[in-house]
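Inside the fold
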Amino acid sequence: MGQLNTIVPEKEPERQYYFIELLKDEIKKKAEKKGGSLTYHIQTFGCQMNARDSEKLAGILEAAGFVHTDNEEADFVIYNTCSVRENANNRLYGHLGRMKVVKKNNPDMLIAICGCMMQEPDEIEKIKTKYKFIDIVFGTHNIFKFAELVHTKLNSEGMIIDIWKDTNQIVEDLPDVRKYTFKSGVNIMYGCNNFCSYCIVPYVRGRERSREPKDIIREVERFVKEGVKEVMLLGQNVNSYGKTLENPISFAELLKEVSKVEGLERIRFMTPHPKDLSDELIETMAVTPKVCHHIHLPLQSGSSRILKLMNRHYTKESYLELVKKIRKRMPDAALTTDIIVGFPGETEEDFNDTMDVVREAEFDSAYTFIYSKREGTPAASMTEQIPEEVTKERFDRLLKQVGESSKKRCGLDVGKTLKVLVEEVNQNHEGLLTGRLENNTLVHFKGNSSLVGTICDVKLNESKGFYYIGELV
């Protein structure tokens with residue numbers, strides 16, 4: 001330990017492992033003083049990338065000696081924030097309002113806030129002035145520094161704030177604690193260069209930067225050795241993967257390389273962008289057995305005029321042409337999407353264009369959103385904001401149409417026996433298990449909990465619109 005205390009590595013991730021070792025001693029002493037293990041609780045808001053970041057935070061804490069709890073009154077509480085919609089911000093402040101009392105009753109507890117919301121300067125100021133009981137604040141670019149930040153806090157007074165505006169650095173190979181033993185997200189790139197006019201992500205996640213293929217493959221191989229059967233390759237726009245590398249490689253080529261990992265059974269990805277989803281990618285999906293036939297292809301609007309205002313770089317016609325290509329090459333593929341209702345300036349004609357696309361594309365399911373103004377984006381300052389009652393009425397019509405399309409698509413496989421990755425014991429119906437088909441559709445069927453994490457043959461007896469009821473074969 002003498003050398004450990006005097007020589008701090010400069011290189012990552014060795015530097016963070018150094019601080020994890022220091023934390024082990026500090027946490028052990030605190031646990032002895034408490035008379036029991038120190039607990040941690042992570043509250044995650046937002047997307048799959050945030051969820052994956054939280055798994056890394058959990059890994060670092062457990063390596064240092066903390067024990068997980070579902071109780072928000074833990075010894076260490078971390079809020080991993082999202083900033084895509086304003087209600088995510090409001091939810092955080094609701095939690096912090098309650099935690100102020102908890103912290104007052106337990107001054108030794110630690111509270112940290114990280115993630116996308118912490119990349120917004122106004123939110124940092126709010127935290128500094130109104131929530132002075134927070135211990136650590138950091139953003140999206142330096143999640144890997146978590147152990148170092150915790151060590152710094154334990155050895156200093158006041159709030160620790162460490163926000164990076166941007167970075168070219170990618171640091172992986174740190175401990176993680178995955179939610180599932182049989183499936184995992186794998187970050188293949190960070191950041192976004194698209195600057196959709198309604199979206200805050202490029203401002204909080206920074207410019208696009210890709211991981212080296214060999215590092216991705218090594219991580220997937222490690223996961224498979226640990227029992228993972230399915231990986232989801234994650235990026236804000238996976239179609240842009242590889243463009244920033246010294247030796248550029250396309251996303252389709254990466255899929256081929258990942259599919260060569262022995263023991264891996266399924267590959268998913270999230271999220272492609274319609275403007276640059278290539279014929280090469282469609283063909284690779286069609287001919288590579290491990291790649292699941294499911295594409296989440298955000299539409300956002302069916303109006304070419306609104307799409308231009310959104311800075312999406314495709315039209316209603318080009319989107320539908322892309323859908324035709326996908327359906328022709330992979331008739332069994334599930335197509336899901338995101339749609340925003342009530343974008344500034346949206347007319348009834350624009351909304352009808354969206355309904356046209358929903359009817360023609362026949363999405364398997366859709367995540368539908370009422371437009372949420374995000375300060376700091378171009379759309380927030382647009383003058384023609386749509387009245388709430390107009391947006392709500394359109395939203396209800398859209399939901400009905402999406403439901404009709406989903407019901408039609410989901411019913412296509414009734415009577416077939418297909419492979420299902422069993423994910424969990426159904427919480428609502430005793431004796432049922434819940435899993436997913438290759439195309440991501442949910443299936444509920446009777447079975448023993450020992451089947452969780454395995455891939456089973458299930459006969460699909462009945463469609464319920466968004467999911468199937470089946471029986472084990």
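Computed from a prediction, not measured in an experiment: that's the story for all the values here.

**Here we look at the side chain of Glu72**
Considering the arrangement of structural elements, one finds Glu72 in the loop between strand E2 (67–68) and strand E3 (76–81). For Glu72, which is buried and forms no salt bridge, the nearest opposite charge comes from Arg98, at a distance of 4.5 Å. Of note is the side chain of Glu72, whose polar atom sits 2.5 Å from the side chain of Tyr79.

**Examining the environment of Val77**
Considering the arrangement of structural elements, one finds Val77 in strand E3. Here the alpha-carbon distance between Val77 and Glu221, two residues 144 residues apart in the chain, equals 32 Å. With near-sequence residues (within four places) excluded, Val77 lies in contact with His41, Glu72, Met99, Met109, Leu110, Ile111 and Ala112.

**Some thoughts on the pattern of salt bridges**
Pairing between side chains of opposite charge can happen when the charged atoms of each approach one another. If you walk through the whole model with that rule in mind, you get 43 salt bridges. The shortest N-O distance in the salt bridge between Glu346 and Arg394 comes to 3.0 Å. Residue Glu346 is found in the loop between strand E13 (334–341) and helix H13 (348–361), and its partner Arg394 is found in helix H14 (residues 388–410); the two are separated by 48 residues along the sequence. Looking at Arg394, the relative accessible area reads 6%, which means it is buried. In this structure, the salt-bridge partner of Asp364 is Arg409, at a minimum N-O distance of 3.5 Å. Taken together, the residues span a long stretch of sequence, with Asp364 in the loop between H13 and strand E14 (365–370) and Arg409 in helix H14 at a distance of 45 residues. Connected through shared salt-bridge partners, Arg52, Glu55, Lys56, Glu172, Asp176, Arg211 and Glu219 make up one network.

**Some points on the sheet that holds strand E12 (residues 294–296)**
With parallel pairing, the 3 strands of this open sheet are ordered in space as E12-E13-E14. Taken across any chain shown, the strands that pair with only one partner, and hence form the sheet edges, are E12 and E14. Averaged over all neighbouring strand pairs, the angle between strand axes comes to 10°, with direction disregarded. As paired elements, E13 and E14 share 6 bridges and run parallel to each other. Paired with Thr336 across the two strands is Ser365, which belongs to E14.

**What about the packing of H13 against H14?**
It is the contact of H13 with H14, at a shortest axis distance of 10 Å, that shows an interaxial angle of 10°. On the basis of their axis angle, the class for H13 and H14 is roughly parallel. At the point where H13 passes H14, the crossing takes the right-handed sense. Along its contact with H13, which presents Glu348, Phe351, Asn352, Thr354, Met355, Val358 and Arg359, the element H14 presents Arg394, Arg397, Leu398, Gln401, Val402 and Ser405.

**Remarks on the nonpolar core**
Ranked by size, the top nonpolar core spans 64 residues in total, and within it Leu233, Phe251 and Val258 carry the most contacts. When we break this core down by domain, the ones giving at least three residues each are domain 2 (179–292) and domain 3 (324–412). If near-sequence neighbours (up to four positions away) are discounted, Val258 is found in contact with Ile216, Ile217, Val220, Val231, Leu233, Leu264 and Ile267.

**Here we look at the UniProt feature "binding site: [4Fe-4S] cluster 1" (unreviewed entry) in the protein**
UniProt marks Cys47, Cys82 and Cys116 with the feature "binding site: [4Fe-4S] cluster 1" (unreviewed entry), using the numbering shown here. Considering the C-alpha atoms alone, the annotated residues occupy 70 residues of sequence yet fold into one spot, their largest mutual distance being 10.5 Å. Summarising the element assignment, Cys47 is placed in the loop between strand E1 (39–44) and helix H3 (48–64). Assessed through its relative accessible area of 32%, Cys47 is described here as partly exposed. Considering the arrangement of structural elements, one finds Cys82 in the loop between E3 and helix H4 (86–105). The exposure class of Cys82 is buried, given its relative accessible area of 12%. Once residues within four sequence positions are removed from consideration, Cys82 is found in contact with Phe45, Gly46, Asn50, Ala88, Asn89, Cys116 and Met117.

Rules used throughout
Residues numbered from 1 in each chain as written. Predicted model: local features only at pLDDT ≥ 70, side-chain atom pairs only at ≥ 80, totals over all residues. Heavy atoms only, no water. Helix = DSSP H or I, 4+ residues; strand = E, 2+ residues; numbered from the N terminus. Buried < 20%, exposed > 50% of the residue type's maximum accessible area, 1.4 Å probe, protein only. Lys, Arg positive; Asp, Glu negative; His and termini not counted. Salt bridge = Lys/Arg side-chain N within 4 Å of Asp/Glu carboxyl O. Polar contact = N/O pair within 3.5 Å; in protein donor to acceptor, adjacent residues only side chain to side chain. Contact = heavy atoms within 4.5 Å. Pairing = 2+ DSSP bridges. Axes fitted to C-alpha atoms, helices over the stretch in contact; angles between N-to-C directions. Parallel < 35°, antiparallel > 145°, perpendicular 65-115°, else oblique. Left-handed = near helix turned anticlockwise from the far one by under 90°. Core = buried A, V, L, I, M, F, W, Y, C linked by side-chain atoms within 4.5 Å. Domains from an automatic or database assignment. UniProt positions renumbered as here; feature names shortened; annotations may be inferred.

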